[in-house]
Amino acid sequence: MDREPILEIKGLRTSFFTDDGEVPAVDDVSLYVHEGEMLGIVGESGCGKSVTSLSIMGLIPSPPGKIVDGDILYQGNNIVNLPEKKMRAIRGNDIAMIFQEPMTSLNPLFSIGNQLIEAIRTHQNVSKKAAWDKSVEMLKLVGLPRAEELMDDYPHQLSGGMRQRVMIAMAMICEPSVLIADEPTTALDVTIQKQILQLMKELNQKLNTAIIMITHDLGVVAEVCDRVVVMYSGKIVETADIHTLYKDPKHPYTKGLLASIPDLRKKSEKLYSIPGNVPKPGSITEGCRFAPRCEMAFERCFQEDPALYPCSSDEHEVRCFLHAPEEVKP
Amino acid sequence: MSTLVEVKNLKKYFPITGGVLDRKIGDIKAVDNISFTIRKGETLGLVGESGSGKSTTGRLLLRLLEATDGSITFEEKEVTKLSTKEVKALREDMQLIFQDPFASLNPRHTVEKILEEPLIVHKKGTKEERKKMVRKMIEVVGLDSYHLKRYPHQFSGGQRQRIGIARALMTQPKLIIADEPVSALDVSIQSQVLNLLKDLQEEFKLTYLFIAHDLSVVRQISDRVGVMYLGTLVELTDAEKLYEKPLHPYTEALLSAVPIPDPEVKSQSEDVLGGEIPSPSNPPKGCVFHTRCKACMEICKKVRPEFKEMEPGHYVACHLYEEDMQH
């Protein structure tokens, strides 16, 4: 693809400086997303997927956090360390975010309408009336019934699924070109999750919004995403288009992860499980981060850090010595 | 297989109070007239969305909550009528594994103390014997005896859940009620814990009531599965049957909503179950599911369907199948 990506991250390193020293939560992460594309970032707790998204939004709490290195290019312009005033103009307007827990991200003291109108008027110079109309239209677009009445309701009066729809409406109200969704359906029941996923896919196709979907659930990714980035302990271990990743995973971690998902369609006598525990960020500093849990690991894996090697098919990259090209092999 | 637990017409209503005098103005029908049995040595899965009453059911069994009506029989004992003293004895045979491995272990106690406590409470063994049992149990769940001197915060989520399981096993219970035991864990750790639960069941001849919202997880561990909706059981049968040939429209909808980790089989049905679970303080008249049901008929809005055995061992509460039987 020759198109210019709408958002591109190059060599991002975000660290937290604690009493025990520097903890790299995100370590040399590069990724991109095109207009109208849905990119999934998958990983387990502590893999750095949320820190990546907060870095894009310029929301890393500092101190202790800091973007140590790397560029985040939005429409070709670097937005790392932008002055807060400029960042504010982008945040919510060009790049918006939805969080996991809709209850804690809505202000309980203000009505839904109030919060939606604030979101518009922060970025656009429009009358209250126009903002009101736009808000109602947005609430209808995300499939909420009786939108006009809803404008006067408070968050506690809504159910979890409705709150998440309001969050999506709020994120989409300024028509951002990139939407980051951090575990948007984890707190919801399956039937509601399905409704929300369909809604996001619809918005993605209708409005051509690029969506970065951050989740731990490979089922959710398979349902809606076009491309996937798999993260482990702060690093990208594999990236591929959705069909390749599920059909032909290369990295032992991706393979293990896919194999350990309990399958709804059949009962297995013994579930596959990856031995060991998910490492704490920064606890492994040498060699491949996955080596201690990897069944295929050999000596080199513990000494050297593998790079992301390209695989046969397009845009498929994997960070594993098993798939290193000949010239890199010892 | 003999029956270990028999639940009959169990109800739990939580009162809603309001007004100046704090009078009762209504009920939240958390569990509304459910009946089922748990057989010795099996795993009965209980699935449902939030607010369906599955956790309340588990707590009623343990007498952590008092039932409003109905009976629970555990090995010929009527659980709802036991005295406080007898309840304590009952809990030796019935233990609970909690969802949140971070909140359910006392942060100020060492693992050794956490595991020894159930034995002290139930006055089992001498100090020496207790220590020995604790050392044995920690190895059974896949940890080492040097872990005993540590505190909960020094463990990962999966390890903590292992400690929670070890604690539940200390009194050698017959029935374990596991309330969302793996939902707080990472995928790669989830299967470790599920495998452990399976192995322990075989080793100690345990019976599980496995409560979860994740249908894929429930399939892996359960022999039979019950589906709950808004305080009622809508379907109960062998796991195999339930997943392959569900009868109740809600079970069908629930199964089709689970995202499949394979992009090639992108959701077979595009039908999404519309709407949301109604409030349990004001459940719909007739069948509680009729407001969201695709196959809703006139009768569904008026009469609540009975929970009946449609085929041997297959219980369903749905008017669709009652009609079939009449013709």
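How each quantity is defined
Residues numbered from 1 in each chain as written. Chains lettered and ligands numbered in written order. Predicted model: local features only at pLDDT ≥ 70, side-chain atom pairs only at ≥ 80, totals over all residues. Helix = DSSP H or I, 4+ residues; strand = E, 2+ residues; numbered from the N terminus. Buried ≥ 20, exposed ≤ 12 C-beta atoms within 10 Å, placed from the backbone. Contact = placed C-beta atoms within 7 Å. Rg over C-alpha atoms; globule rule 2.2 N^0.38 Å. Nonpolar A, V, L, I, M, F, W, Y, C, P; charged D, E, K, R; others polar. Pairing = 2+ DSSP bridges. Expected span 1.5 Å × (residues − 1). Axes fitted to C-alpha atoms, helices over the stretch in contact; angles between N-to-C directions. Core = buried A, V, L, I, M, F, W, Y, C linked by C-beta atoms within 7 Å. Parallel < 35°, antiparallel > 145°, perpendicular 65-115°, else oblique. Left-handed = near helix turned anticlockwise from the far one by under 90°. pLDDT = per-residue confidence, 0-100.

**What about the overall build of chain B?**
Here's step 1: A tally of helices and strands in chain B yields ten helices and twelve strands.
Here's step 2: Along the three orthogonal principal directions, the C-alpha set of chain B runs to about 65 × 60 × 45 Å.
Here's step 3: Across the 327 residues that make up chain B, the buried fraction comes to 45%.
Here's step 4: In chain B, of all internal contacts separated by at least 6 residues, the share reaching a separation of at least 24 is 65%.

**Some details on the overall build of chain A**
Here's step 1: Each helix and strand in chain A was counted, giving twelve helices and twelve strands.
Here's step 2: The C-alpha radius of gyration of chain A comes to 21 Å, within 12% of the 20 Å expected for a compact globule of 330 residues.
Here's step 3: With respect to the three principal axes, the spread of C-alpha positions in chain A is 70 × 50 × 45 Å.
Here's step 4: Here chain A, with 330 residues, has 45% of them falling under the buried criterion.
Here's step 5: Looking at chain A alone, contacts between residues at least 24 apart form 63% of all its contacts between residues at least 6 apart.

**So, the interface of chain B and chain A**
Here's step 1: At the junction of the two partners, chain B supplies 34 residues and chain A supplies 38 residues.
Here's step 2: Among the secondary structure elements, those contributing two or more residues to the side of chain B that touches chain A are helix H5 (157-169), helix H6 (187-204), helix H7 (215-221) and helix H9 (249-257) of chain B.
Here's step 3: No other element matches the seven residues that H6(B) contributes to the side of chain B that touches chain A.
Here's step 4: Grouping the constituent residues of the side of chain B that touches chain A by class yields 16 nonpolar, twelve polar and six charged.

**A look at the environment of Leu308(A)**
Residue and element names in this part refer to chain A.
Here's step 1: With respect to the helices and strands, Leu308 occurs in the loop between helix H12 (299-303) and strand S11 (309-310).
Here's step 2: C-beta crowding within 10 Å serves as the criterion here: with 17 such atoms nearby, Leu308 is assigned to the partly exposed category.
Here's step 3: Sequence separation between Leu308 and Arg88 is 220 residues; the distance between their C-alpha atoms is 34 Å.
Here's step 4: When residues no more than four places from it in sequence are discounted, the contact partners of Leu308 are Ile236, Glu317, Val318 and Arg319.

**A short note on the pairing of strand S2 (residues 21-33) of chain A**
Residue and element names in this part refer to chain A.
Here's step 1: Judged from the nine bridges that link them, strand S1 (residues 7-18) and S2 form a sheet pairing that is antiparallel. Considered in S2, the bridge of Phe16 is made with Val23.
Here's step 2: Where S1 hands over to S2, the hairpin turn is made up of two residues, counted between the paired strands.

**Remarks on helix H4 (residues 112-123) of chain A**
All names here are of chain A.
Here's step 1: Over its twelve residues, H4 runs 18 Å from end to end, which matches the ideal 16 Å to within 8%, given 1.5 Å per residue.
Here's step 2: Within H4, burial applies to Ile112, Gly113, Gln115, Leu116, Ile117, Ala119 and Ile120.
Here's step 3: Looking at the buried side of H4, the elements it contacts are helix H5 (128-141), helix H6 (147-150) and helix H7 (160-172).

**Topic: the sheet that holds S2(A)**
Residue and element names in this part refer to chain A.
Here's step 1: Taken in spatial order, the four strands of this open sheet run S2-S1-S4-S5, and their pairing is antiparallel. The two strands at the open ends of the sheet, each matched to only one other strand, are S2 and strand S5 (77-78).
Here's step 2: Set on the sheet, helix H1 (residues 49-57) makes contact with S1, S2 and strand S4 (65-74); between it and S2 the angle comes to about 75°.

**Observations regarding the nonpolar core**
Here's step 1: The biggest cluster of nonpolar side chains holds 174 residues, and the ones touching the most others in it are Ala169(A), Ile212(A), Met213(A), Leu209(B) and Phe210(B).
Here's step 2: Considering every element that reaches this core, the biggest residue donor is H7(A), with eight residues.
Here's step 3: Once residues lying within four places of it in the same chain are set aside, the contact partners of Phe210(B) are Thr43(B), Leu44(B), Gly45(B), Leu46(B), Ala178(B), Val218(B), Ile221(B) and Ser222(B).

**Quick notes on the packing of helix H3 (residues 111-121) of chain B against helix H4 (residues 127-140) of chain B**
Residues and elements named next belong to chain B.
Here's step 1: With their axes 10 Å apart at the nearest point, H3 and H4 run at an angle of 120° to one another. The angle between the axes of H3 and H4 places the two elements in the oblique class. As H3 runs across H4, the sense of the crossing is right-handed. The segment H3 lies against H4, with Glu112, Leu115, Glu116 and Leu119 engaging Arg130, Met133, Val134, Met137 and Ile138.
Here's step 2: Here the residues of the contact of H3 with H4 are counted per class, giving six nonpolar, no polar and three charged.

**Considering the pairing of strand S10 (residues 235-241) of chain A**
Residues and elements named next belong to chain A.
Here's step 1: Where burial is concerned, most of S10 is hidden: six out of the seven residues are buried.
Here's step 2: Linking two consecutive strands that pair antiparallel, namely strand S9 (residues 227-232) and S10, is a turn of two residues; a positive phi of about 50° is found at Ser233 within it.
Here's step 3: In terms of strand pairing, S10 meets strand S12 (residues 317-318) through two bridges, oriented antiparallel. Looking at S12, one finds that Glu238 is bridged to Val318.

**What to know about the confidence of the model for chain B**
Here's step 1: With 96% of its residues at a pLDDT of 70 or more, chain B has an overall mean of 90.
Here's step 2: Both scores are given for the predicted complex: the pTM is 0.86, the ipTM 0.80.

**Regarding helix H8 (residues 190-206) of chain A**
Here's step 1: Over its 17 residues, H8(A) runs 24 Å from end to end, which matches the ideal 24 Å to within 8%, given 1.5 Å per residue.
Here's step 2: Every buried residue of H8(A) is listed here: Val190(A), Thr191(A), Ile192(A), Gln193(A), Lys194(A), Gln195(A), Ile196(A), Leu197(A), Met200(A) and Asn204(A).
Here's step 3: On the buried face of H8(A), the contacting elements are strand S3 (38-42), H7, strand S7 (178-182), strand S8 (210-215) and helix H9 (218-224) of chain A together with H9 of chain B.
Here's step 4: Among the residues trailing H8(A), Asn208(A) stands out with phi positive, at a value near 60°.

**Details of the sheet that holds S9(A)**
Sheets are built from strands paired through backbone hydrogen bonds, the pairs being either parallel or antiparallel.
Residues and elements named next belong to chain A.
Here's step 1: Read across the open sheet, the eight strands follow the order S6-S7-S8-S3-S9-S10-S12-S11; overall the sheet is mixed. In this open sheet, the two edge strands, each paired with only one partner strand, are strand S6 (95-98) and S11.
Here's step 2: Taken together, the five bridges between S7 and S8 define a ladder with parallel strand orientation. What sits directly across from Val178, in S8, is Ala210.

**As for the environment of Thr215(A)**
Residues and elements named next belong to chain A.
Here's step 1: Secondary-structure assignment places Thr215 in strand S8.
Here's step 2: Given 23 C-beta atoms within 10 Å, Thr215 falls into the buried group.
Here's step 3: Spatially, the C-alpha atoms of Thr215 and Ala181 are 8.5 Å apart, while their sequence positions differ by 34 residues.
Here's step 4: Ignoring any residue separated from it by four or fewer positions in sequence, one finds Thr215 in contact with Gly40, Val42, Glu183, Val220 and Val221.

**Comments concerning the packing of H4(A) against H7(A)**
Residue and element names in this part refer to chain A.
Here's step 1: Packing of H4 against H7 leaves a shortest axis separation of 9 Å and a crossing angle of 20°. Overall, the two elements H4 and H7 adopt an arrangement that is roughly parallel. The handedness of the crossing between H4 and H7 comes out as right-handed. Contacts between H4 and H7 involve Ile112, Gln115, Leu116 and Ala119 on the former and, on the latter, Val166, Ala169 and Met170.

**Things to note about unusual backbone geometry**
Here's step 1: Note the cis peptide between Ser62(A) and Pro63(A), where omega equals -15°.
Here's step 2: Along the chain, Pro63(A) turns up in the loop between H1 and S4.
Here's step 3: Note that the residue after Pro63(A), namely Pro64(A), is joined by a cis bond; omega there is 10°.
Here's step 4: Topologically, Pro64(A) is positioned in the loop between H1 and S4.
Here's step 5: Of note in this structure, Asn33(B) is not a glycine but carries a positive phi near 65°.
Here's step 6: Checked against the element boundaries, Asn33(B) lands in strand S2 (residues 23-39).
Here's step 7: Its 18 C-beta neighbours within 10 Å are what place Asn33(B) among the partly exposed residues.
Here's step 8: For Arg63(B), which is not a glycine, the phi torsion comes out positive at approximately 60°.
Here's step 9: With respect to the secondary-structure elements, Arg63(B) resides in the loop between helix H1 (54-61) and strand S4 (69-74).

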